[in-house]
Amino acid sequence: MKERTLAIIKPDAVKKHAIGDIIRRYEEAGIHPIALKMSTLSKSTAEGFYAVHKERPFYNDLTSYMASGPVVVLVLEGENAIKTNRDLMGATDPKKAEAGTIRAAHGASIEENAVHGSDATETAQFEIGFFFPELNS
Ligand code: ADP
Ligand code: MG
């Protein structure tokens, strides 16, 4: 099933100049960017995006980190895009991420783990609408 997912190349991966490598992985996996922008999120934008995590102990650190430098936000489209991207990303903790995944290659820590990817149909819809309201049908 062709679907869409939201991905973010996080500040640590942008700083390491890994944008090109990460987008190449998306394209090779058949999940193609249909919208893309680079920007530095405000703290309140990061808080809104991660509102689902607001009770978690790492919420304040996570949202400060996500606002600490430029990110690349993408909508990816392809067959089973949500799961394809989650498989490409690897586990949240780069130390546990399978070899060959983006987080194994570029993640620095459980927080600075290179990429975000929507985890389900409903979250993908919310996240795409959050950054690209013009795309939501
Ligand atoms: P994922 O990004 O794999 O879907 P979660 O949705 O659980 O993971 O968490 C969102 C983000 O919060 C993670 O990608 C990571 O940047 C950060 N995070 C998750 N768990 C922790 C933790 N225990 N300590 C610090 N940061 C964390
Ligand atoms: Mg998540």
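Scroll up a little and you will see the structure.
This report concerns the structure included in the present document. (Residues numbered from 1 in each chain as written. Chains lettered and ligands numbered in written order. Predicted model: local features only at pLDDT ≥ 70, side-chain atom pairs only at ≥ 80, totals over all residues. Heavy atoms only, no water.)

Here's the deal with the side chain of T63
The topology assignment puts T63 in helix α4 (residues 59-66). In contact with T63, not counting residues within four places along its chain, are K43, A46, E47 and Y50. (Helix = DSSP H or I, 4+ residues; strand = E, 2+ residues; numbered from the N terminus. Contact = heavy atoms within 4.5 Å.)

Considering the site of ligand 1
Taken together, K10, H53, R56, F58, L62, R86, T92, R103, I110, E111 and N113 form the complete shell of residues around ligand 1. Here H53 contributes a side-chain N or O atom positioned 3.0 Å from an oxygen atom of ligand 1. Here an oxygen atom of ligand 1 sits 2.9 Å away from a polar atom, N or O, in the side chain of N113. About the coverage of ligand 1: the protein hides 79% of its 530 Å² of free accessible area. A majority-of-atoms criterion places ligand 1 in the largest pocket. Residue classes in the shell around ligand 1 are distributed as three nonpolar, three polar and five charged. (Near = heavy atom within 4 Å. Polar contact = N/O pair within 3.5 Å; in protein donor to acceptor, adjacent residues only side chain to side chain. Areas by Shrake-Rupley, 256 points an atom, 1.4 Å probe, with all protein chains shown as cover. 1 Å grid on protein atoms, 1.4 Å probe; cavity = no way out; pocket = protein on both sides within 12 Å on 5 of 7 lines; lining within 4 Å. Sits in = over half its atoms within 2 Å of the grid points. Nonpolar A, V, L, I, M, F, W, Y, C, P; charged D, E, K, R; others polar.)

Considerations on the layout of surface pockets
One way to see where empty space is left: roll a probe the size of a water molecule over the atoms. Empty space within the largest pocket amounts to approximately 540 Å³. Taken together, 22 residues line the largest pocket, and the ones lying closest to its centre are Y50, H53, F58, L62 and H116. For the lining of the largest pocket, the elements supplying multiple residues, two or more each, are β4 (115-117) and α7 (121-131). Residues of the lining of the largest pocket, tallied by class, amount to eight nonpolar, seven polar and seven charged. Put simply, the second largest pocket is a space of about 210 Å³. Lining the second largest pocket are ten residues, and of these R4, A124, Q125, I128 and N136 lie nearest its centre. If you list the elements that add at least two residues to the lining of the second largest pocket, you get β1 (2-9) and α7. Here the lining of the second largest pocket is composed, by residue class, of four nonpolar, four polar and two charged. (Points joined across faces, edges and corners; volume = space filled by probe spheres on them.)

Concerning the packing of aromatic side chains
Summed over all chains, the structure comprises five aromatic pairs. Look at F49 and Y50: their rings are 5.0 Å apart centre to centre, the planes differ by 80°, and that puts the pair in the edge-to-face class. For F49, a relative accessible area of 3% corresponds to the buried category. Y50 sits in the buried class, given a relative accessible area of 5%. Between the aromatic rings of F126 and F130, the centroid separation amounts to 5.9 Å while the plane-to-plane angle is 45°, which identifies the pairing as tilted. Placement of both F126 and F130 in helix α7 is noted, with a separation of four residues, approximately one turn of the helix. When the ring centre of F132 is taken as origin, the NZ or CZ atom of K37, which lies over that ring, is 4.5 Å away. (Phe/Tyr/Trp six-rings, centres within 6.5 Å; stacked < 30°, edge-to-face > 60°. Buried < 20%, exposed > 50% of the residue type's maximum accessible area, 1.4 Å probe, protein only. Lys NZ or Arg CZ within 6 Å of the ring centre and 35° of its normal.)

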